[in-house]
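Here are the chains, one letter per residue:
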Amino acid sequence: MANAASGMAVHDDCKLRFLELKAKRTHRFIVFKIEEKQKQVVVEKVGEPGKGYDDFAASLPANECRYAVYDFDFVTAENCQKSRIFFIAWSPDTSRVRSKMIYASSKDRFKRELDGIQVELQATDPTEMGLDVIKSRAS
């Protein structure tokens, strides 16, 4: 089903991989990209559970938009092990205007397909989604 606003569909693999991350914890992160010619959101990269935040950050291109989901594990002040699933809309200042518009207009519908996102971040440069930002938004 294509999105009326931007005409983007969501590939079934996106939902499947997200469910694996959420329920089975078989992935640390997932990077999604919009295939403009096919008019759909697809999975670009999946990070295994052993991968860390630096691997995740390095998988986002410096000058192209992406959506990403990151499963962040942390320990609370009460010493409880917790996890938060972050949705990150990566839209660097150096990306094409058309690309930014397509990603912005498709974001809400795509996010609705991924049931279980707990925190959303919008980032235009790496400092806006740094580990310190993620830690502060997790608790």
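Computed from a predicted structure; not experimentally measured.

### Things to note about the layout of surface pockets
The calculated volume of the largest pocket comes to roughly 170 Å³. Together, K33, I34, E36, N63, E64, C65, R66, S95, R96, S99 and Y103 line the largest pocket. Where the lining of the largest pocket is concerned, the elements lending two or more residues are strand 2 (29-35) and helix 3 (97-113). Looking at side-chain class alone, the lining of the largest pocket contains 3 nonpolar, 3 polar and 5 charged residues.

### A word on the packing of aromatic side chains
Applying the stated criterion to the full structure yields 12 aromatic pairs. Centroid distance F56 to Y70: 4.8 Å. Interplanar angle 25°. Geometry classified as stacked. Remark: Y70 occurs in strand 4 (residues 66-75) and F56 occurs in helix 2 (residues 53-58); sequence separation between them is 14 residues. Consider the rings of F72 and F74, whose centres lie 5.7 Å apart with planes at 10°: the pair is stacked. As far as burial versus exposure is concerned, F72 and F74 are alike and both buried. Ring pairs connect the aromatic residues F29, Y53, F56, Y70, F72, F74 and F86, which therefore count as one cluster.

### Brief notes about the pattern of salt bridges
According to the stated counting rule, one finds 14 salt bridges in the structure shown. Measuring nitrogen to oxygen at the nearest pair gives 3.3 Å for the salt bridge that ties E113 to K15. On the criterion of sequence distance, the pair formed by E113 in helix 3 and K15 in helix 1 (residues 12-24) is long-range, its members being 98 residues apart. For E64, the salt bridge identified is with R66, shortest N-O distance 3.0 Å. Assessed through its relative accessible area of 38%, E64 is described here as partly exposed. The class for R66 is buried, based on a relative accessible area of 5%. Overlapping salt bridges bring together D12, K15, R109 and E113 as one network.

### As for helix 1
Spanning 13 residues, helix 1 covers 17 Å between terminal C-alpha atoms, matching the ideal 18 Å at 1.5 Å per step. Packed against the buried residues of helix 1 are strand 1 (9-10), strand 2, strand 3 (40-47), strand 4, strand 5 (81-90) and helix 3. Immediately downstream of helix 1, the backbone of R25 shows phi near 55°, a positive value.

Conventions we followed
- Residues numbered from 1 in each chain as written.
- Predicted model: local features only at pLDDT ≥ 70, side-chain atom pairs only at ≥ 80, totals over all residues.
- Heavy atoms only, no water.
- 1 Å grid on protein atoms, 1.4 Å probe; cavity = no way out; pocket = protein on both sides within 12 Å on 5 of 7 lines; lining within 4 Å.
- Points joined across faces, edges and corners; volume = space filled by probe spheres on them.
- Helix = DSSP H or I, 4+ residues; strand = E, 2+ residues; numbered from the N terminus.
- Nonpolar A, V, L, I, M, F, W, Y, C, P; charged D, E, K, R; others polar.
- Phe/Tyr/Trp six-rings, centres within 6.5 Å; stacked < 30°, edge-to-face > 60°.
- Buried < 20%, exposed > 50% of the residue type's maximum accessible area, 1.4 Å probe, protein only.
- Salt bridge = Lys/Arg side-chain N within 4 Å of Asp/Glu carboxyl O.
- Expected span 1.5 Å × (residues − 1).
- Contact = heavy atoms within 4.5 Å.

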